[in-house]
Amino acid sequence: MCAGGVAINMSIWLSPAPPLILTHNRLSFLHSSSLPAAADYLKCTTRRILSAAKIRAVSTMANEEECPGNIKRQLAKIFEISLRETVPSESDEEPLVAACGGKFGDYQCNNAMGLFKKIKGKNTAFKSPNSVGQAIANNLPQSEMVESCSVAGPGFVNVVLSKAWLAKSIQKMLIDGIQTWAPKLSIKRAVVDFSSPNIAKEMHVGHLRSTIIGDSLARMLEFSNVEVLRRNHVGDWGTQFGMLIEFLFEEFPKWEDENDVPIQDLEKFYKQSKKRFDEDPAFKEKAQQAVVSLQGGEAKYRKAWTKICEVSRNEFQKVYQRLGVQLEEKGESFYNPYIPRVLEALDNKGLVEESEGARVIFVEGRNIPLIVVKRDGGYNYASTDLAALWYRLNEENAEWMIYVTDVGQHEHFEMVFDAGKRAGWLPSDDNTYPKATHVGFGLVLGDDGKRFRTRSSEVVRLVDLLDEAKNRGKAALIARGKEEVWTNEELEQTAEAVSYGAVKYADLKNNRLTNYTFNFDQMLNDRGNTAVYLLYAHARICSIIRKSGKDVEELKKVGEIALDHSDERALALHLLQFSEVVEEAGANLLPNVLCEYLYNLSECFTKFYTNCPVVGSSQETSRLLLCEATALVMRKCFHLLGITPVYKI
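Only a predicted model underlies this, so the values are computations on that prediction, with no experimental measurement involved.

## Observations regarding the nonpolar core
As a rule of thumb, soluble globular proteins bury nonpolar side chains together.
Piece 1. Counting 158 residues, the largest nonpolar core has L75, I170, L465, F518, F578, L594 and V633 as its most contacted members.
Piece 2. Among the elements that make up this core, the one with the highest residue count is helix α25 (residues 620-641) (12 residues).
Piece 3. Dropping the residues within four chain positions of it, F578 is found in contact with I178, W181, F223, L594, Y597, V633, K636, C637 and L640.
Piece 4. Grouped together as the second largest cluster of nonpolar side chains are 37 residues, V191, W390, V416 and A423 included.

Structure, rendered in structure tokens:
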């Protein structure tokens, strides 16, 4: 079921060459009984059935490992036994198991129709897809998971899960921890390349999507016990540093004597230096000479470059700290020394050709080649990315490399990956490992449907956006009277958790490929599918547990869960689908799948709490344990989305 990794031998060993200047920055974000018809049964299957085939193809799940928290995979194991017994001739048939809406069962096995097409006319005793489905159901081995099984329409095998098994599984998680529900992947190491701002420029709203999507994907992989190398491929090398260095020399003549270069506004500093470069020929000439001096490794220029980079890094880190994002920088300057010999190796394979004065790699199916050396002999974006791809495969031994940038860069990365395949670095089959994947995302729009900008048409600085979110969130808490009952520290921490969480969730809940409209009023609303609503729902669950006065840790050891009410059972089933949802979200690199699950979990809990009294009821212990399980799963969802939970409101 899972694609196994393949070993790609990298026979060449590359050592760094002297640094050469790049002329492009890394990223540019500005761009059986009587039953209804078969169709009714198809409708009961959730949207996850639509991506089941894709998940099987791209999932890195190690099928020899037991998956105690994954219903779909556990059911697949017993259906696999039945399929081998039912149709021995089709030994490669994989179980097609999907959750459904609950009207006809909890899960379905949907192999019968496909199997019948394969065996029809092959001297088979089966007369219809339904008869195949009946045989699959009859050959299903006994399992404590399954309470009942039925066949409908053209062979849909519907499974109702045992309440006792559901209860037992949740109790086991409460004792052993939610980590036991983590997907188990066959890969060991992945690179997630995200955020990637440019030195001497402010991080803006365009960087928000890359930063929080990349962080969420990294968290899902880390939860799945994959070592994730979180890479920040900053734009810290290129011809623009000539003008920046010369402008530094003019503005701060004694910069070498200062511990900190007093650049207060990076964006302003960059614009002023660019203006001088464009308008002053003498300055332009000095800036061009500064590029040569920097390229040649002259100490004064190297030191100035380092100072400018430090100022930017300090500003970037303030944003990352507020967002709770961890990154390790390996920017353009890091990969630059590897470019010459990487290109030499590609040239030796006959991949690099001359074209109109430039050196290029032709990629099958593309109208334009991948330019790796420009006409003037300079390197570019593609040169760096090929060097980075080689480094990640050979030096970092990554099995999956994930690049999180805007959708406008999709073709570029596909061409880089195709070049890697031509070179033999990557397998031609995208479903085997190692592999590289581009994760694209759409634009952030304003209420006018255009790119989100300030009133003066400037790009929105990310730090200003976060300040505004926090101020609004804090004001809402004060309006609720929290300033009177909370300490200032509690107020500040809750305002940050709710506000930053609201900004993240408003982005992540959308399919990343689409544009979305940035609206503070909507994202900070405490009703509907927002982080504020979900965080408050979690806080209410914690409040219920506190008000009971019971020691939940002790209840986990001695209490038992009973699922006698339909809403108790529905909540338990939804909780147990957490693992397969995380697997789906990770396999398809879509955090919105997890957001949808989290919101539905909150709705499921609300229905349970409305109809099933907890504190003081005869089922208090069981229902408190369900409350605790819900809170645990919600907290893990928050963590995977990079959101800090709140425990009281």
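## Details of the packing of helix α10 (residues 281-295) against helix α11 (residues 299-323)
Piece 1. Where α10 contacts α11, the axes come no closer than 8 Å and their chain directions differ by 100 degrees. With respect to α11, the axis of α10 lies roughly perpendicular. Listed contacts from α11 to A290, S293 and L294 of α10 are Y301, R302 and W305.
Piece 2. Within the contact of α10 with α11, the residues separate by chemical class into 4 nonpolar, 1 polar and 1 charged.

## Focus on the sheet that holds strand β10 (residues 370-373)
Piece 1. Pairing within the open sheet is antiparallel, and its 3 strands lie in the order β8-β9-β10. With partners counted over all chains shown, the strands left at the sheet margins are β8 (352-355) and β10, one partner each. Strand after strand, the sheet turns through a mean of 45 degrees between neighbouring axes, direction not considered.
Piece 2. The sheet contact formed by strand β9 (residues 358-361) and β10 spans 3 bridges and is antiparallel. Of the residues in β10, the one forming a bridge with I361 is L370.

## Focus on the packing of aromatic side chains
Piece 1. This structure, assessed with the given rule, holds 23 aromatic pairs.
Piece 2. Here F249 and W255 contribute two aromatic rings whose centre-to-centre distance is 5.7 Å and whose plane-to-plane angle is 20 degrees, an arrangement assigned as stacked. There is no split in this pair, since F249 and W255 are both buried.
Piece 3. Centroid distance F334 to Y335: 5.1 Å. Interplanar angle 85 degrees. Geometry classified as edge-to-face.
Piece 4. The exposure class assigned to F334 is partly exposed, which follows from its relative accessible area of 27%.
Piece 5. What links up through ring pairs into an aromatic cluster is the set F334, Y335, Y338, W390 and Y391.
Piece 6. Above the ring of F249, the side-chain terminus of K300 is found at 4.5 Å from the ring centroid.
Piece 7. Sitting over the ring of W305, R302 keeps its end group 5.6 Å from the ring centre.

Rules behind the numbers
- Residues numbered from 1 in each chain as written.
- Predicted model: local features only at pLDDT ≥ 70, side-chain atom pairs only at ≥ 80, totals over all residues.
- Heavy atoms only, no water.
- Core = buried A, V, L, I, M, F, W, Y, C linked by side-chain atoms within 4.5 Å.
- Buried < 20%, exposed > 50% of the residue type's maximum accessible area, 1.4 Å probe, protein only.
- Helix = DSSP H or I, 4+ residues; strand = E, 2+ residues; numbered from the N terminus.
- Contact = heavy atoms within 4.5 Å.
- Axes fitted to C-alpha atoms, helices over the stretch in contact; angles between N-to-C directions.
- Parallel < 35°, antiparallel > 145°, perpendicular 65-115°, else oblique.
- Nonpolar A, V, L, I, M, F, W, Y, C, P; charged D, E, K, R; others polar.
- Pairing = 2+ DSSP bridges.
- Phe/Tyr/Trp six-rings, centres within 6.5 Å; stacked < 30°, edge-to-face > 60°.
- Lys NZ or Arg CZ within 6 Å of the ring centre and 35° of its normal.

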